[in-house]
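Summary of structural features
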Amino acid sequence: MNTIKRKMLSIFASFVEKKNGAVLFYNREGEAKAFELIRKVKNETGMLLKNDEAYTVYSLAKKAMKIEGDIAEVGVYRGGSARLILDARGSKEKSIYLFDTFEGLPALSKSDNPLHFAESQFPASFEEVKKQFASHKNVFLYKGLFPSTAAPIESKKFAFVNLDTDLYESTKECLEFFYPRMNCGGIILTHDYPKAIGVKKAFDEFFERKEEIVLEAPSRQQGFVIKL
């Protein structure tokens, strides 16, 4: 294979993503760069999100930067998705608040599927994750079970919140905390909707009598709500 062909294949590879046997093209401005970032973060953190899921986090976070308010994530794991959100923040003067037990999932409830999740699943090193953000301004990391760790942000308002808590009770408590603190136009994104029955139940119950509707992301593994 000659040099020109190699270069052409390299360029092509940076613009496509395979999903369920199909080839999806990402050739709008900034998309190839975003997928380069996603591959880099995956290699460095072992991020478990699929590429299209990671792109949903990145792209929605980037769009939410025009909304007044700060950023939060509950369910940080090894810091992969938080890295994407940090890059999406760019030069915006927004604080990023990151919460995780760093000891894995808490106990499951009757609303969760024990075939999908287990107590203490997905532990991560607090110190290793903290190092990734040590040189970045206004990034704050908290260890413990949310919302018992939420005191520092009780008076804050938010533009973007990313949830990856996997379980019913944790998701419900996050919605109860963040929903009244979201600015108009702000986005709450969650992983595992509608895949995880506990996450789906928490979102569907919470928004059943509210104006907002829960939207399913194209990844079919995420859901989000835009605050009205």
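Residues numbered from 1 in each chain as written. Predicted model: local features only at pLDDT ≥ 70, side-chain atom pairs only at ≥ 80, totals over all residues. Heavy atoms only, no water.

**Let's talk about unusual backbone geometry**
- Going from Phe146 to Pro147, the amide bond is cis rather than trans, its omega being 10 degrees.
- With omega at 5 degrees, the peptide bond leading from Tyr193 into Pro194 counts as cis.
- On the secondary structure map, Pro194 appears in the loop between strand 7 (182–191) and helix 7 (197–207).
- Unlike most non-glycine residues, Ser120 shows phi in positive territory, near 75 degrees.
- Of note, Asp166 is a non-glycine position whose phi angle comes to about 75 degrees, a positive value.
- If you trace the backbone, Asp166 turns up in the loop between strand 6 (158–163) and helix 6 (168–178).
- By relative accessible area, Asp166 is classed as buried at 6%. (Helix = DSSP H or I, 4+ residues; strand = E, 2+ residues; numbered from the N terminus. Buried < 20%, exposed > 50% of the residue type's maximum accessible area, 1.4 Å probe, protein only.)

**Remarks on the packing of aromatic side chains**
- Here the structure, examined in full by the defined rule, presents 16 aromatic pairs.
- On the basis of an interplanar angle of 75 degrees and a centroid distance of 5.7 Å, the ring pair of Tyr179 and Phe207 is categorised as edge-to-face. Here Tyr179 is found in the loop between helix 6 and strand 7, whereas its partner Phe207 is found in helix 7, with 28 residues between them in sequence.
- Pairwise contacts between aromatic rings join Tyr97, Phe99, Phe140, Tyr142, Phe146, Phe158, Phe177 and Phe178 into one cluster.
- Above the face of the Tyr168 ring, Lys201 is positioned so that its terminal group lies 5.1 Å from the ring centre.
- For the cation-ring pair, Lys227 lies above Tyr179, with the distance from its terminal atom to the ring centre recorded as 4.3 Å. (Phe/Tyr/Trp six-rings, centres within 6.5 Å; stacked < 30°, edge-to-face > 60°. Lys NZ or Arg CZ within 6 Å of the ring centre and 35° of its normal.)

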